[in-house]
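In case you want the letters, here they are:
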Amino acid sequence: MNLPQAYGTFIKRGDHMFRTSAYIQWGDSAKSIGACLLLNPGSARWSEELTDELNLSGTAQGSIRATDPTMKQLVRFMEKIHSSEDPINGRFHLYNLFSLQETASKKAIALFEHLVETGEYTISHSLIGMNELKSHPWILLGWGVERNPHWKNLELIKKTWMNLIIQSKVPAFGKKHHQSDDYYHPCPLIPTQQPTVLADLIKLYKETVERAALPPNKMRYTLLKWNKEYGANAKFIVLDNRTNMQSLFTPGRVHDLFWFHSDLSNDPAISNWDAFGEESFDDLEPIAF
């Protein structure tokens, strides 16, 4: 995988710092490869040049270090949902319910509520336009599940964002709390819980995004041709219905798959293989023949 780089735009107002936009870049494409909606920007480290620019003009933009736990978890997520044959190339955008930068969530929310009530911060400041939202293939929701009856402005911006997402029809997913409409943060504070949440998010992504991209009544993979052998000698031509790529598949050896854009099923070298009825499966691992 190519190494990602994070970029952000910041505004300084008095003693408060706001990150008004951010994205993680892989490769050189400006195309969106996904987005997330979290609570607020946490910690971020930037260059001395950005600090000087912020102190001088009150605004700055440039590269930031993607080294905080949330950034690392999002990078892991993106790399897990892409294979080595499907290299990442594009921008993963980070949105927040509010743009005030503060690591401690309760302190951040309390300050956000105060700034809105005093008119120092506009509640709709974090919202984006419909065209921008529709440019994303999907959006991961994960602003946290903690609630407080005094957090009225926070609840209002949640509902406003969700209405916007519903209207856009962009696929959205996240690990939802079983008793509310809130979504767990993608990076738990306890490091040992992070792999479990990551696995849950990958599963939700496959169910929500990959499944929606498949042809009607098709699972992820379709077996096209069979060499009429059994056991260790059995081989198939398999189609990935999501990417429309094909591979030679030996049951029990999923790790050997190498995907091609060419139509292997019509190659003259396998003209004597049988059609397999185009049976489809969501997972190749359990297949035995």
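**Student:** Would you take a moment to explain the overall build of the protein for this structure?
**Tutor:** Across its full length, the protein carries 6 helices and 12 strands. For the protein, the spread of C-alpha atoms along the principal axes amounts to about 75 × 45 × 40 Å. When each of the 289 residues of the protein is scored for burial, the buried share is 45%. For the protein, the share of sequence-separated contacts (at least 6 apart) that also reach a separation of at least 24 residues comes to 69%. Across the protein, the centroid of the 30 positively charged side chains sits 3 Å from that of the 33 negatively charged ones.

**Student:** Sorry, what's going on with the environment of alanine 232 here?
**Tutor:** Structurally, alanine 232 is set in the loop between strand S8 (221-226) and strand S9 (236-240). Residues alanine 232 and threonine 250, spaced 18 residues apart in sequence, show a C-alpha to C-alpha distance of 7.8 Å.

**Student:** For this particular structure, what's the right way to read unusual backbone geometry?
**Tutor:** Residues other than glycine predominantly adopt negative phi, and peptide bonds predominantly adopt the trans conformation. Unlike most non-glycine residues, lysine 169 shows phi in positive territory, near 65°. Here lysine 169 is to be found in the loop between helix H5 (152-168) and strand S7 (172-173). For lysine 228, which is not a glycine, the phi torsion comes out positive at approximately 70°.

**Student:** Teacher, can you tell me more about the pattern of salt bridges here?
**Tutor:** Side chains carrying opposite charge are able to pair once their charged atoms draw close together. Summed over all chains, the structure comprises 11 salt bridges. Salt-bridge contacts for glutamate 155 lead to lysine 158; the nearest nitrogen and oxygen are separated by 2.8 Å. Of this pair, glutamate 155 and lysine 158 both sit in helix H5, 3 residues apart, which is roughly one turn of the helix. Look at glutamate 155 and you get buried, because its relative accessible area is 18%. Between lysine 203 and glutamate 207 there is a salt bridge, with its nearest N and O atoms 2.5 Å apart. Residue lysine 203 and its partner glutamate 207 are both found in helix H6 (residues 194-210); the two are separated by 4 residues, about one turn of the helix. What emerges from the salt-bridge pattern is a single network uniting Arg147, Glu155, Lys158 and Asp182.

**Student:** Sorry, what's going on with the packing of aromatic side chains here?
**Tutor:** Two descriptors summarise a pair of aromatic rings, namely the distance from one centre to the other and the angle between the planes of the rings. According to the stated counting rule, one finds 20 aromatic pairs in the structure shown. Taking the ring centre of phenylalanine 18 as reference, the NZ or CZ of arginine 13 above it sits at 5.5 Å. Directly above the aromatic system of tyrosine 184 lies the positively charged group of lysine 175, at a separation of 5.7 Å from the ring centroid.

**Student:** Explain the nonpolar core to me, please; I cannot follow it from the model alone.
**Tutor:** For soluble globular proteins, the rule of thumb is that nonpolar side chains tend to be buried together. Ranked by internal contacts, the top residues of the largest apolar core, which has 31 residues, are Phe77, Met78, Phe92 and Trp138. Taken together, the elements giving at least two residues each to this core come down to strand S1 (5-13), strand S2 (16-26), strand S3 (32-38), helix H1 (48-57), strand S4 (59-64), helix H2 (69-80), strand S5 (90-96) and H6. Considering each element in turn, this core owes the most residues, 6 residues, to H6. Residues Phe98, Ile109, Trp151 and Leu164 belong to the second largest nonpolar core, which totals 28 residues.

**Student:** How should I be thinking about H6 in this particular structure?
**Tutor:** Since one α-helical turn is 3.6 residues long, residues separated by three or four positions face the same way. Counted at 1.5 Å a residue, the expected span for H6 with its 17 residues is 24 Å, and the 23 Å between its end C-alpha atoms agrees. Considered for burial, the residues of H6 that qualify are Gln194, Val197, Leu198, Leu201, Ile202, Tyr205, Val209 and Glu210. Around the axis of H6, the buried residues are gathered within 140° of arc, so they sit on the same side. In the core, the buried residues of H6 are packed alongside H2, strand S6 (139-141) and S7.

**Student:** Honestly, the packing of H2 against H6 in this entry has me stumped. Any pointers?
**Tutor:** Angle between the axes and distance between the axes: these two values describe a pair of packed helices. Closest axis-to-axis distance for the H2/H6 pair is 10 Å, and the angle between their directions is 45°. Taken together, the axis directions place H2 and H6 in an arrangement best described as oblique. For the crossing formed where H2 meets H6, the hand is right-handed. Two secondary-structure elements touch here, H2 through Gln73, Arg76, Phe77 and Lys80 and H6 through Gln194, Leu198, Leu201, Ile202 and Tyr205. Broken down by class, the residue content of the contact of H2 with H6 amounts to 5 nonpolar, 2 polar and 2 charged.

**Student:** Looking at this model, I keep getting lost on the confidence of the model for the protein. Mind explaining?
**Tutor:** In low-pLDDT segments, the atomic positions of the prediction should not be examined closely. Scored by pLDDT, the protein has a mean of 89; 96% of the residues are at 70 or more. Highest mean pLDDT in the protein belongs to S6 (98); lowest belongs to H1 (78).

**Student:** Got a minute to help me understand the pairing of S1 in this structure?
**Tutor:** Note on strand geometry: in a regular strand, side chains alternate between the two faces of the sheet. Pairing of S1 with S2 involves 9 bridges; the strand directions are antiparallel. Counted as the bridge partner of phenylalanine 10 is arginine 19 from S2. Remark: 2 residues form the turn of the hairpin made by S1 and S2, two consecutive strands paired antiparallel; glycine 14 in that turn has positive phi of roughly 65°. Pairing analysis gives 6 bridges linking S1 to S4, with the strands arranged antiparallel. For isoleucine 11, the partnering residue across the bridge sits in S4 and is threonine 59.

What counts and how
- Residues numbered from 1 in each chain as written.
- Predicted model: local features only at pLDDT ≥ 70, side-chain atom pairs only at ≥ 80, totals over all residues.
- Heavy atoms only, no water.
- Helix = DSSP H or I, 4+ residues; strand = E, 2+ residues; numbered from the N terminus.
- Buried < 20%, exposed > 50% of the residue type's maximum accessible area, 1.4 Å probe, protein only.
- Contact = heavy atoms within 4.5 Å.
- Lys, Arg positive; Asp, Glu negative; His and termini not counted.
- Charge placed at Lys NZ, Arg CZ, Asp CG, Glu CD.
- Salt bridge = Lys/Arg side-chain N within 4 Å of Asp/Glu carboxyl O.
- Phe/Tyr/Trp six-rings, centres within 6.5 Å; stacked < 30°, edge-to-face > 60°.
- Lys NZ or Arg CZ within 6 Å of the ring centre and 35° of its normal.
- Core = buried A, V, L, I, M, F, W, Y, C linked by side-chain atoms within 4.5 Å.
- Expected span 1.5 Å × (residues − 1).
- Arc of directions from axis to C-beta.
- Axes fitted to C-alpha atoms, helices over the stretch in contact; angles between N-to-C directions.
- Parallel < 35°, antiparallel > 145°, perpendicular 65-115°, else oblique.
- Left-handed = near helix turned anticlockwise from the far one by under 90°.
- Nonpolar A, V, L, I, M, F, W, Y, C, P; charged D, E, K, R; others polar.
- pLDDT = per-residue confidence, 0-100.
- Pairing = 2+ DSSP bridges.

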